[in-house]
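Each chain is listed here by its residues.
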Amino acid sequence: MNLRHLIFRNRFRSFVNSSNGKNFAQWLIFGSFLVLVLVMIYFGTFSLLKKLDTLNGTENYGSALDLASSVISVGNLIKERLLSMVILSIFFLLMFSNVISSISHIFLSKDTELLISSPISPYQIFQIRFFEAGFSSSWMSFFFFFPVLLAYVQNYQVAYSSLFPFFLALIPFLMIPASLGVSFALITARYFPIKRSKRVFQFMSVFFLTIILVLLRVLQPEKLFQINGIHEIQTFISNLQIPFYQHLPSTWLSKIAISSFTNQSQLLFEPAVYLFGTGFFLLFLVNLLGKLFFYTAWCKSQETSSQGVLEQDSKQNTSSFYSQLPLHLNPIHKKDFILFFRNPELWSQIFLIFAMVGLYLYNINLLHLDKLSIYNVARFISFLNVAFVGFITTSISMRFLYPSISLEGPAFWILKASPFSMSDLLYKKFTFFTPFILVIGNAMTLLANYILDVPWWLFVINAINISIVCFVNSLLAISFGALFPNYRAENLNKIFMSFGGTFYMIASLSFMFIFLSSQGFPIYLAYKHYVRLADISTYHLSIAALSILIGLLSLVLFSVVPYKKARSALISHEDGCI
Amino acid sequence: MIRLDNVKKSYGDHQAVKGLSLEIAPNQVFGFLGPNGAGKTTSIKMLTGIMPPSSGEIYIDGCSLVQNPIHCKTITGYVPDRPYVYEKLKAWEFVEFILDLYQNNNKNSQDLAHYYFELFKIDDAKYKIIEDFSHGMKQKLVILSSLLHRPKLLVIDEPMVGLDPRGAKTLKKLFRDLADSGTTIFLSTHTMAVAQEVCDNIAIINKGNIVAQGTMDELRQGQDHSLEQLFLQITEEELLEQGS
Ligand SMILES: Nc1ncnc2c1ncn2[C@@H]1O[C@H](COP(=O)(O)OP(=O)(O)OP(=O)(O)O)[C@@H](O)[C@H]1O
Ligand SMILES: [Mg+2]
């Protein structure tokens, strides 16, 4: 039997064995959530494309956009542009995830040491690792592309077989970021010990992601649908006709897709040559690099050195940061504080938060500039805004609070063996981050309300709501983190990109939906009564009361129940490593 | 000091510990012996309150572990078989954290910590990040931090694994001294020499059952066997019984 097959078989078996424990219901919820997301992507794309069809040569010259449509099929141009934008974003994301996964697969995999000592050549090991790294960071994109492309095929009304060129070309397309990521990791590791650079990478990866977020926003997809006057038509159309970034793999891939949807098979050839040429050239290059560098780079990566580039305490000094922290602080908080700031993987995420907050306020500001003149719309948006901000704080909690129990890792025995109750631990973890999340949530909400210029009473309602939402979301994050712990995760992403992470997401979104929508009607009634001075019927009043009751019930259901479950789960843990 | 009443533990449908009953008098070194997978670590995790038993009662110093875990844990020190700690803390920071956790951060205990650092010869690593420690150094750090709150009961899982000869010798002497000054020590091991040398009483566990118990002399039953021969014999008999 081929050695490579042997290793893959082992990987596969470990995967099967580790998923055996998860029960059917969990898979079912997880699966249906995934399907729901895919279906939503499909219908979202489909209806957007349908809307764009109305721009293809209609006769009502009501707006500049319609006028432009009379000259050329603007709708089709926008569709093409949209596809290439989507592919471009995926391309960026793939680059990012490939660098990270190649570092962890190639250099930090725990079984590499075992393999190196076995009679397999380092080059073969490298090939296996390369495949694993590429696969683990790319397979998700298949899932994502599928509904989008399906919607395009439906819209263009062509046979499903025209998807074939796209998915064939997807192979070299995925090879490009994978090869680049692995080469990058190899070269860096060849010249710097990876354990030292790991910290830099962890830092850079988050930084990278932040930049991508900002970049995507700066592309301003909404500009696709705006022209402000006749004089702009010319530039608008010519902008649409030139693909931006001619020489990017994403442009080639989108050209292939569009050419096969429009049955212009003669146009398939050129981008296909580019794509396959580049893909296989890079594949060859990365194999060459692997042959030359892998073994030396791996050896170098085994050198331990705590004198990391980002390490403040690199010098052998006799200071204890712990005793410098305020005495009255709780020991758990002190410990977590030190661990947080000594681990760039954790603190570098703060950049992400800043980026998200910044982008959000920028968006709100744009809304305002567009003069949403209708007064009530601004109010409605400010109310909806709570849900948006809640969503952002959910993803912040997901990255900070959710992993905090799992991050105790194999050292959890220390707390379990000490006279420290587990409910206290949950509480301590909860109080460590929640104040910051409350501050962020409130700051965003208040700033947005200020920009939207809402009346004072809505200000107050929104502030109370966002505080409750942040509070419950944090509690849910801690509870779900304790219910689905992963004490052996290699990195942070593995902790929250999991079953438990998905369940947390579902729970917190459901809570926000129920809690906020239960207030809609009562607030409307109150507004009618106190501002418009209208009479309220007892029938309406009782409906309002009922809906408030449902809201309160959801508050209890989503905070007390998971917290209690988490507490008993922590006490009866049977994970082997603690 | 310790009383186990018909303690059982199952992982799924696999029963790792099948009705363990033990009574251990104070101020002695108690050795818990058994082959790999016998259930030693599992029993120890239940004894230290890390994992609740599936059924049965555990009393530490006359106090039920289930009903009053905080008190039991306050008087117990635990050293696991694998010394996982917070890698990003410095050794001294870890010690301070442990002292705080046991609400015991005073000059006295800090002096004791300094003393143990010297005793185990890891004095120069006191302000190093634990990440850079060797396995044995971590082991020593964990052992010393389990002693800082002067526990009445010390539970150690495989204490000698990873220690150099000098460290092992120091530890054996420490066990003796601690037992003589009023600490009960419960240790698991497969090293017969260790058991023979330091343990006052011994229990042998196999497949989740206690198969022999007593002092060295009682176990020998007058024969002139070494403990090793005895161990092999007893666990062998079990195998035969199961086979038939
Ligand atoms: N987390 C776990 N999940 C399932 N089974 C476990 C778990 N931990 C231990 N076991 C099983 O329980 C039994 C006893 O294991 P235990 O670790 O207590 O043995 P041990 O006596 O400490 O062995 P060793 O001398 O190798 O340390 C073994 O059969 C093992 O397979
Ligand atoms: Mg064991």
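What you see is a predicted model; the values in this text were computed from it and never measured. (Residues numbered from 1 in each chain as written. Chains lettered and ligands numbered in written order. Predicted model: local features only at pLDDT ≥ 70, side-chain atom pairs only at ≥ 80, totals over all residues. Heavy atoms only, no water.)

### Overview of the overall build of chain B
The helix and strand tally for chain B stands at nine helices and ten strands. Taken over the C-alpha atoms alone, chain B extends approximately 60 × 40 × 35 Å along its principal axes. Of all intrachain contacts in chain B linking residues separated by at least 6 positions in sequence, the fraction that spans at least 24 positions is 68%. Here chain B carries 25 positive and 31 negative side-chain charges, and the mean point of each set is 4 Å from the other. (Helix = DSSP H or I, 4+ residues; strand = E, 2+ residues; numbered from the N terminus. Contact = heavy atoms within 4.5 Å. Lys, Arg positive; Asp, Glu negative; His and termini not counted. Charge placed at Lys NZ, Arg CZ, Asp CG, Glu CD.)

### Let's talk about the site of ligand 1
Contacts to ligand 1 come from 15 residues, most closely from G37(B), K40(B), T41(B), T42(B) and H190(B). Chains contributing residues near ligand 1 are chains A and B. Contact between ligand 1 and Y11(B): a nitrogen atom at 3.5 Å from a side-chain N or O atom of the residue. A distance of 3.2 Å is found between an oxygen atom of ligand 1 and a backbone nitrogen or oxygen belonging to A38(B). When isolated, ligand 1 has an accessible area of 640 Å², and the protein chains bury 66% of it. Here the shell around ligand 1 takes three residues from helix α1 (residues 40-47) of chain B, the largest share from any one element. Tallied by class, the residues present in the shell around ligand 1 amount to four nonpolar, eight polar and three charged. (Near = heavy atom within 4 Å. Polar contact = N/O pair within 3.5 Å; in protein donor to acceptor, adjacent residues only side chain to side chain. Areas by Shrake-Rupley, 256 points an atom, 1.4 Å probe, with all protein chains shown as cover. Nonpolar A, V, L, I, M, F, W, Y, C, P; charged D, E, K, R; others polar.)

### Observations regarding the interface of chain A and chain B
Every contact between the two is made by 37 residues of chain A and, on the other side, 36 residues of chain B. Roughly 3,300 Å² of surface becomes buried between chain A and chain B when both sides are summed, with 62% attributable to carbon and sulfur atoms. For the pair chain A and chain B, the interface holds two salt bridges. Between K334(A) and D100(B) there is a salt bridge; the shortest N-O distance is 3.7 Å. For the side of chain A that touches chain B, the secondary-structure elements that each account for two or more residues are α12 (321-324), α13 (331-342) and α17 (412-417) of chain A. If one sorts the elements of the side of chain A that touches chain B by residue count, α13(A) sits on top with seven residues. The class makeup of the residues in the side of chain A that touches chain B is 16 nonpolar, 13 polar and eight charged. (Buried area = accessible area lost by both parts, 1.4 Å probe. Salt bridge = Lys/Arg side-chain N within 4 Å of Asp/Glu carboxyl O.)

### Remarks on the domain arrangement of chain B
Residue and element names in this part refer to chain B. In terms of domains, chain B is made up of domain 1 (2-75 + 151-243) and domain 2 (84-150). The distance between the C-alpha centroids of domain 1 and domain 2 comes to 25 Å. Across the contact, 17 residues belong to domain 1 and 14 residues belong to domain 2. Summed over both partners, the interface of domain 1 with domain 2 buries about 1,200 Å², with 71% contributed by carbon and sulfur atoms. Taken together, domain 1 and domain 2 are joined by one salt bridge. (Domains from an automatic or database assignment.)

### Comments concerning the packing of aromatic side chains
Enumeration over the complete set of coordinates arrives at 40 aromatic pairs over all chains. Where W92(B) meets F117(B), the ring centres are 6.0 Å apart and the plane angle is 45°; that geometry is what we call tilted. Taken together, the residues W92(B) in helix α3 (residues 91-101) and F117(B) in helix α4 (residues 107-119) connect sequence positions 25 residues apart. Per residue, the accessibility class of W92(B) equals that of F117(B), and both read buried. The structure contains a cluster of three or more aromatic residues connected by ring pairs, namely F321(A), F337(A), F340(A), F341(A), F400(A), F432(A) and F433(A). In this structure, K79(A) packs its charged tip against the face of Y156(A), placed 5.0 Å from the ring centre. In this arrangement the basic side chain of K291(A) is found over the ring face of Y123(A), its NZ or CZ atom lying 4.4 Å from the centre. (Phe/Tyr/Trp six-rings, centres within 6.5 Å; stacked < 30°, edge-to-face > 60°. Buried < 20%, exposed > 50% of the residue type's maximum accessible area, 1.4 Å probe, protein only. Lys NZ or Arg CZ within 6 Å of the ring centre and 35° of its normal.)

### As for unusual backbone geometry
The phi torsion at N263(A) lies on the positive side, around 55°, for a residue other than glycine. The topology assignment puts N263(A) in the loop between α10 (249-261) and α11 (269-301). For N263(A), a relative accessible area of 64% translates into the label exposed. With a phi close to 50°, N6(B) is a non-glycine residue in the positive phi region. Note on placement: N6(B) falls in strand β1 (residues 2-11).

### Digging into the environment of F496(A)
All names here are of chain A. The topology assignment puts F496 in helix α20 (residues 492-496). Since its relative accessible area comes to 6%, F496 is described here as buried. Through-space distance from the C-alpha of F496 to that of P403 is 6.5 Å; in sequence the pair is 93 residues apart.

### Description of the sheet that holds β1(B)
All names here are of chain B. Strand order in the open sheet formed by four strands is β2-β1-β4-β5, with antiparallel pairing between adjacent strands. Single-partner strands in this sheet number two, and they are β2 (14-24) and β5 (63-64). The pairing of β1 with strand β4 (residues 55-60) spans five bridges and is antiparallel. Bridge pairing links L4 to I58 in β4. Each of β1, β2 and β4 touches α1; the most contacted strand, β1, lies at about 120° to it. (Pairing = 2+ DSSP bridges. Axes fitted to C-alpha atoms, helices over the stretch in contact; angles between N-to-C directions.)

### Considerations on the sheet that holds strand β7 (residues 153-157) of chain B
Residue and element names in this part refer to chain B. Sheet architecture is open: six strands sit in the order β6-β7-β8-β3-β9-β10, paired in mixed fashion. Strands at the two margins of the open sheet, each flanked by one partner only, are β6 (76-79) and β10 (209-214). For this sheet, the mean inter-axis angle between neighbouring strands, taken without regard to orientation, is 15°. Examined bridge by bridge, strand β3 (residues 29-33) and strand β8 (residues 184-189) share five bridges and lie parallel to one another. Each residue of the ladder has a partner; that of F32, found in β8, is S188. Along the sheet, helix α5 (residues 135-147) makes contact with β6 and β7, crossing β6 at roughly 175°.

### Looking at the nonpolar core
In terms of nonpolar packing, the biggest core is built from 155 residues, with I414(A) and F186(B) touching the most fellow members. Every residue in contact with I414(A), bar those within four places of it in the chain, is listed here: Y84(B), V85(B), Y86(B), F94(B), F97(B), I98(B) and L101(B). I78(A), L82(A), I90(A) and L275(A) belong to the second largest nonpolar core, which has 37 residues in total. (Core = buried A, V, L, I, M, F, W, Y, C linked by side-chain atoms within 4.5 Å.)

### Digging into the pattern of salt bridges
The tally for this structure, following the rule as stated, stands at 19 salt bridges over all chains. As a salt-bridge pair, D424(A) and K428(A) come within 3.5 Å of each other at their nearest N and O atoms. Within this pair, D424(A) and its partner K428(A) are both found in helix α18 (residues 422-452), separated by four residues, close to a single helical turn. Taking the relative accessible area as the measure of exposure, D424(A) reaches 28% and is therefore partly exposed. Close ionic contact of K172(B) with E197(B) constitutes a salt bridge, the shortest N to O distance being 3.4 Å. In this pair, K172(B) is assigned in helix α6 (residues 165-180) and E197(B) in helix α7 (residues 192-198), connecting sequence segments 25 residues apart. Looking at E197(B), the relative accessible area reads 52%, which means it is exposed. The network of salt bridges with shared partners includes K335(A), D336(A), E408(A) and K429(A).

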